[in-house]
Amino acid sequence: MGQAFYEFPEILLFPGQETMVFQETDCILFLEMPQFPDQETPESRKPPPERDILERLMSEGLHLPELRLDLKAREIRSPSRTASADAELHIEWGSNKDIFIIECKSQNTPKVLEVAIAQAVRFGYEFKMRPMVVVPYLNEGSLDFLESHGVSGMDLCGNCLILGERFVIRRDGKPNRFTSSAPIKNVFKGTSSLFARCFLLKDRFVSHSELREFAISRAGNRTQGGLRQVEESSRFAKGTASKVVHALAEELIVVREGDGLRLVDPRRLIENLRQNYAPPGIHRIAVKTSLGEQGSLERLWDAHEEGTLRSVMTGLSSASYYGLLSTTEKPAFYVNDLTAALKLLEARPASAFSTLQLLETKSGVPFFDARQQGQMLIASPIQAWLEMSKAGPRERDAARELESDLANGRGAR
Amino acid sequence: MTGDPLMPHLMDILEHPELAGVVLGGGFGIRLKRQHLANEGTETLISRIPPARATADFDIFLRIDVLANAEQCRRMGSILQEELGYKIRLYNWQFEKSIGEQFPDRRVKIDLLTRAPLKGENVKVRKMREKSLPDPKPSKVGEGALHGFLTEEAFAIERDPVLVPVRGVTTKGKALNCQVTLPHPYAFLNMKVRAAHDWLRMDRGEIERKRFAEKHPFDVYVLAAMLTESELDRCEELAAEFAHHEVAQEIRAQAEELFKDPTSPGWIEVRRQLGEEINFEAFDDGLRRALGYAR
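Residues numbered from 1 in each chain as written. Chains lettered and ligands numbered in written order. Predicted model: local features only at pLDDT ≥ 70, side-chain atom pairs only at ≥ 80, totals over all residues. Heavy atoms only, no water.

### Regarding the overall build of chain B
Next up, step 1: Regarding its fold elements, chain B presents 11 helices and 11 strands.
Next up, step 2: What you see for chain B is a C-alpha radius of gyration of 19 Å, in line with the 19 Å of a compact globule of 295 residues.
Next up, step 3: The dimensions of chain B, computed from C-alpha atoms along their principal axes, are 50 × 40 × 35 Å.
Next up, step 4: Counting across all 295 residues of chain B, residues that qualify as buried make up 56%.
Next up, step 5: Here chain B displays about 13,600 Å² of accessible surface, and carbon together with sulfur accounts for 48% of that area.
Next up, step 6: Between the centroid of the 43 positive side chains of chain B and the centroid of its 47 negative side chains there is a distance of 4 Å. (Helix = DSSP H or I, 4+ residues; strand = E, 2+ residues; numbered from the N terminus. Rg over C-alpha atoms; globule rule 2.2 N^0.38 Å. Buried < 20%, exposed > 50% of the residue type's maximum accessible area, 1.4 Å probe, protein only. Areas by Shrake-Rupley, 256 points an atom, 1.4 Å probe, with all protein chains shown as cover. Lys, Arg positive; Asp, Glu negative; His and termini not counted. Charge placed at Lys NZ, Arg CZ, Asp CG, Glu CD.)

Structure follows, in structure tokens:
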């Protein structure tokens, strides 16, 4: 890449790890990525506590070519004496000098970042300095969020957005060194995700209890113990519901209104579910049976009604029932007991000229929110969408329509 | 809602004699061919053919003589719009309507396409000038109620079309046993190789990206896998006939670029989507013979 000239205050963004610095009259392109910090920060799974964050920045020596960074006072009382900011940072570049007032946080969830930004802006106004937040990790989305609020940011992983009066520096793409400071992912994965999925089926609940009861009702486990068995399962424990709601609130996906819970950002919920979806651990086989397809479906339905075998059509196979795909593939079903299913269907494994496919899973996830279609259970629209989103291009194309339904609150139908 | 949202709409089209002779390409055409082979148990180039899925689109090819006949176009347009309820989407070669009451927001779409007219074929070809269309601007063929989107790579669309039996029920519940016309594999492969090459160009940033274009190299594999022995023989004859056809020559070169060997981009994409090792030798041999290019 060569030199380029831009109208200030243009910010040029490059993917990966390149630093761009612009000022009003010159454009300087750094082809080599400066270390920021300039020493390797020791790998640490846990982010440092708030009081140590600035120590990490100070001890590793803030350095950028052509830039001078000078961490000044700490714990500075505001002029109004009502609060104290964490530090003051002076940044010089050429003849330009800017002073930043810093708010540190030891976490970087969207909610914490939002609070930090609000505090930094307030301090910026009170101290008459430019606001900046310092957190363990800033991803691209967080940097965009900071930029939209006109607040600078630095993290301990090498990412930054520095908004000077006459220059801008942005660096992104450095990986998160602090895995525990990453968004809590397990609420979007596996069994925990079932509570999160509930919000795509019903966008508000009057209480945690209602959420839990809703989740249990959609689990639809008709084993011999009935619903009681499900209720006793740790899958739908009160503690799990609480943890999931807390995580969703931290991510600003759900808000608490008194005891009530309301979905406010379905698109983010959808994106997180998609990113974290992994098919359940499965043993999959194609089988042949003299019962034929229709006979097999009847047997599976009878067993479902009796509670002797759980079965549900996979999401991909269910896609046609959501008006999305036409397919030649043999129907595929999740079952909770492959041996029992083979016996029930009088079937044997057969890759050629098979009747249907069976996928054994002990996970309750694929069965969640199964929908009755005649005498058959098809997958929840959420399960269908997730499976299609991870499949081939036609499936992903068709998944977009279902995603739109879910984002617009039409998942419940 | 039945298990196949698109079949009733195909049955609606095939119920009308004026529309029954259209050639159905695209993903749904591949899906019907796949189903037919499974039903017949016919031996194909590659025994394990991946399942074919299709979204709610019909790519329908109209013959040039149909497009040159204003009255016939008027009747067909009337059937599509007044009887079957399709509305023009943007241009009068694009139609759509709701897929049904259960999912009123889902649309079934029809695109009308055609080959480039030959010298002496008396039909109008006009370059489209709408600013919304990317450069180079496409052309449309015909006049009056219907047009066909000019598709260069469909040069063989009218040669040896394949009739495939279909059974189904119309949207009004009428049971039908009829036939649908599909492109001959030679014509189908030429179109899909061109589409797959466009995907490669998008991947390189040479042309504007279209979402999900990676389905095209996979479709090339499926089409080749579905070749029967007699179809392959006929492909070789057609390839020889079109040996000096400019577009056919381009497409042969594109096929070579995409699928020359297991490290070629088209083949890598097919393997990535299939997620398993597949029979490159059989595919390579079949594709070369079908399109007429040497090793």
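After presenting the structure, the write-up continues.
### A closer look at the overall build of chain A
Next up, step 1: Along its length, chain A carries 13 helices and 20 strands.
Next up, step 2: Residue burial in chain A is summarised as follows: out of 413 residues, 54% are buried.
Next up, step 3: About 18,600 Å² of surface is accessible on chain A, with carbon and sulfur atoms providing 48% of the total.

### Some thoughts on the interface of chain A and chain B
Next up, step 1: If you look at the interface, chain A gives 24 residues, while chain B gives 28 residues.
Next up, step 2: Here chain A packs against chain B, burying approximately 2,600 Å² in sum over the two surfaces, 47% of which is carbon and sulfur.
Next up, step 3: Among the residues of chain A in contact with chain B, A:Ser326, A:Thr328 and A:Arg394 are the three that bury the most area, contributing 30% of the side total.
Next up, step 4: On the surface where chain A and chain B come into contact, there are 7 salt bridges.
Next up, step 5: As a salt-bridge pair, B:Arg53 and A:Glu395 come within 2.6 Å of each other at their nearest N and O atoms. (Contact = heavy atoms within 4.5 Å. Buried area = accessible area lost by both parts, 1.4 Å probe. Salt bridge = Lys/Arg side-chain N within 4 Å of Asp/Glu carboxyl O.)

### Section: the sheet that holds strand 18 (residues 356-360) of chain A
Residue and element names in this part refer to chain A.
Next up, step 1: Strand order in the open sheet formed by 5 strands is 14-16-18-13-17, with mixed pairing between adjacent strands. Two strands close off the open sheet at either side, each with one partner strand: strand 14 (311-313) and strand 17 (347-349). Across the sheet, the mean angle from the axis of one strand to that of its neighbour is 35 degrees, orientation sign disregarded.
Next up, step 2: For strand 16 (residues 332-335) and strand 18, the ladder comprises 4 bridges, and the chain directions are parallel. Looking at strand 18, one finds that Val335 is bridged to Glu360.
Next up, step 3: Across the sheet, helix 11 (residues 338-345) is in contact with strand 13 (283-289), strand 16, strand 17 and strand 18; its angle to strand 18 comes to roughly 150 degrees. (Pairing = 2+ DSSP bridges. Axes fitted to C-alpha atoms, helices over the stretch in contact; angles between N-to-C directions.)

### Thoughts on the state of the cysteines
By definition, a disulfide is the covalent link that joins the sulfur atoms of two cysteine residues.
Residues and elements named next belong to chain A.
Next up, step 1: Applying the stated rule across the entire model yields 0 disulfides over all chains.
Next up, step 2: As a non-bridged cysteine, Cys104 has Cys157 as the owner of its nearest cysteine sulfur, 14 Å distant.
Next up, step 3: According to the relative accessible area criterion, Cys104 is buried, its value standing at 1%.
Next up, step 4: Looking at Cys160, it has no disulfide partner, and the nearest cysteine sulfur is the one in Cys157, 12 Å off. (Disulfide = S-S within 2.5 Å.)

### Some remarks on the sheet that holds strand 11 (residues 254-257) of chain A
Residue and element names in this part refer to chain A.
Next up, step 1: Judged by pairing direction, the sheet is antiparallel, and its 3 strands sit side by side in the order 10-12-11 without closing on themselves. Looking at which strands have only one partner, the edges of the open sheet turn out to be strand 10 (204-205) and strand 11.
Next up, step 2: Taken together, the 2 bridges between strand 10 and strand 12 (residues 260-263) define a ladder with antiparallel strand orientation. Paired with Phe205 across the two strands is Leu261, which belongs to strand 12.
Next up, step 3: Relative to strand 11, helix 7 (residues 238-250) is tilted by about 110 degrees, and along the sheet it contacts strand 11 and strand 12.

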